[in-house]
Amino acid sequence: MRDPDGLIARAGVRGDPNRDQHFLVDDRVLDRLPTYLTDIDADTSHVLEIGGGTGVLTDRLLETIGADDHLSVVERDPPLAEFLQEEFSDAIDAGRLTVIEGDALEVDLPEFTSSVSNLPYGVSSQITFRLLPEQRPLVLMFQQEFAERMVADPGTSEYGRLSVSTQHYADAELVESIPKEAFSPPPAVQSAVVRLVPREPEYDVENEAFFLRFVKALFTQRRKTIRNGIRNTAHISGLQDPDAVVDAADEDVLQKRAGAMAPAEFAALAELASEVGELEAESE
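Residues numbered from 1 in each chain as written. Predicted model: local features only at pLDDT ≥ 70, side-chain atom pairs only at ≥ 80, totals over all residues. Heavy atoms only, no water.

Novice: Where do I start with the UniProt feature "domain: Ribosomal RNA adenine methylase transferase N-terminal" (unreviewed entry) in the protein chain in this structure?
Specialist: The feature "domain: Ribosomal RNA adenine methylase transferase N-terminal" (unreviewed entry), as given by UniProt, occupies residues 29-200 in the numbering adopted here. Structurally, residues 29-200 comprises 33% helix and 27% strand, and the distance from its first C-alpha atom to its last is 31 Å. (UniProt positions renumbered as here; feature names shortened; annotations may be inferred. Helix = DSSP H or I, 4+ residues; strand = E, 2+ residues; numbered from the N terminus.)

Novice: Please explain the nonpolar core as it appears in this structure.
Specialist: Nonpolar side chains in soluble globular proteins tend to be buried together. Core analysis: the largest hydrophobic core is formed by 36 residues, its most contacted members being Leu24, Leu33, Leu71, Leu97 and Met141. Those residues in contact with Leu33, other than ones at most four positions away along the chain, are Leu24, Leu57, Val116, Val139, Met141 and Val193. Counting residues in each nonpolar core, the second largest holds 27 residues, with Phe210, Ala234, Val253 and Leu279 among its members. (Core = buried A, V, L, I, M, F, W, Y, C linked by side-chain atoms within 4.5 Å. Buried < 20%, exposed > 50% of the residue type's maximum accessible area, 1.4 Å probe, protein only. Contact = heavy atoms within 4.5 Å.)

Novice: Looking at this structure, I do not really get helix H5 (residues 78-87). What am I missing?
Specialist: Structural remark: α-helix, 3.6 residues per turn; residues separated by three or four positions point the same way. Residues of H5 that are buried: Leu80, Ala81, Phe83, Leu84 and Glu87. The buried side chains of H5 occupy one side of the element, clustering within an arc of 160 degrees when seen end-on. Projecting away from the buried face of H5 at angles above 90 degrees are the exposed residues Pro79 and Glu86. Taken together, the buried residues of H5 touch helix H1 (4-11), strand E1 (23-24), strand E3 (70-75), helix H6 (89-93) and strand E4 (97-101). (Arc of directions from axis to C-beta.)

Novice: What is the right way to read the pairing of strand E6 (residues 138-143) from this model?
Specialist: If a strand is regular, its side chains alternate between the two faces of the sheet. Counting buried positions over the six residues of E6 gives five, a clear majority of the element. Here four bridges tie strand E5 (residues 114-118) to E6, and the two strands are oriented parallel to one another. Within E6, the position partnered with Val116 by the bridge is Val139. A crossover connection joins E5 to the parallel E6 through helix H7 (residues 124-131); in handedness this β-α-β unit is right-handed. The sheet contact formed by E6 and strand E9 (residues 191-198) spans six bridges and is antiparallel. Each bridged residue has a counterpart across the sheet, and for Val139 the counterpart in E9 is Arg195. (Pairing = 2+ DSSP bridges. Right-handed = clockwise from strand over helix to strand, strands pointing away.)

Novice: I would appreciate a short explanation of the packing of aromatic side chains in the present structure.
Specialist: By convention here, two paired aromatic rings are described through the distance between centres and the angle between planes. For the coordinates displayed, the defined rule picks out five aromatic pairs. Between Tyr159 and Phe219, the ring centres sit 6.1 Å apart and the planes meet at 70 degrees, which makes this aromatic pair edge-to-face. With Tyr159 in the loop between helix H8 (144-151) and helix H9 (161-169) and Phe219 in helix H10 (residues 208-219), the pair connects residues that are 60 residues apart, well separated along the chain. Judged by relative accessible area, which is 0%, Tyr159 ranks as buried. When its relative accessible area of 10% is taken as the criterion, Phe219 is described as buried. With a centroid separation of 5.5 Å and 40 degrees between ring planes, the pair formed by Phe219 and Phe266 is classed as tilted. Highlighted residues: Phe219 in helix H10 and Phe266 in helix H15 (residues 263-276), separated in sequence by 47 residues. (Phe/Tyr/Trp six-rings, centres within 6.5 Å; stacked < 30°, edge-to-face > 60°.)

Below, the structure written as structure tokens:
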């Protein structure tokens, strides 16, 4: 397998914190990342990697997936995308690798079966919520604080909108914390790897867009009771008659705060709100 420092040298680049570029160079971490997919017998027939960089993870993934499996790598930096095409030309010629130059938020993503990615931290949330609705196993690297919020339980200080939105789509597990020194240059914060295994939620949501917006609205008032949160955030949730929702909801729910509400409780309340709260036309 290729040496991370050698790849950086051949690419002729240096990490740039101002451009959110921190290259993972720790061999032990790189070796472990693909195993978080294989440990759960995930389908690796078409793996997606976002943020290929100098190819350190690309190299490990090509060694891990089967000989007939395919890897697609998205890289937004044109010089790095060109380097990946040159460095891994053998894999490209063999039909095992495709390099996609472009922004992962804008390009058409291929039909993938799973993903392992060291995401650009500045856009990690947007990319994650582009991937999660695809219902595929994901192994993604984030800032530690962000990762802890994704996997947090109700009633904890880390629990919030991100926790509910993530866990709506998948079981989320923080599988490894990664020190700053594993990167070149070291970022200002520690990182962590989250494994996301898709599953259907234990509750029914008829209007998913409203549900997610309703959760967002209530967490803007997380120190308020749900009663006050519903009334104060109608401009965010799109409810025309928030008082009708308050009148129809259980008192036990109305006395809670957002940080104590499990995803299923948010879903039940959102369904009630959509039935009696008269959603604005663009919110339906």
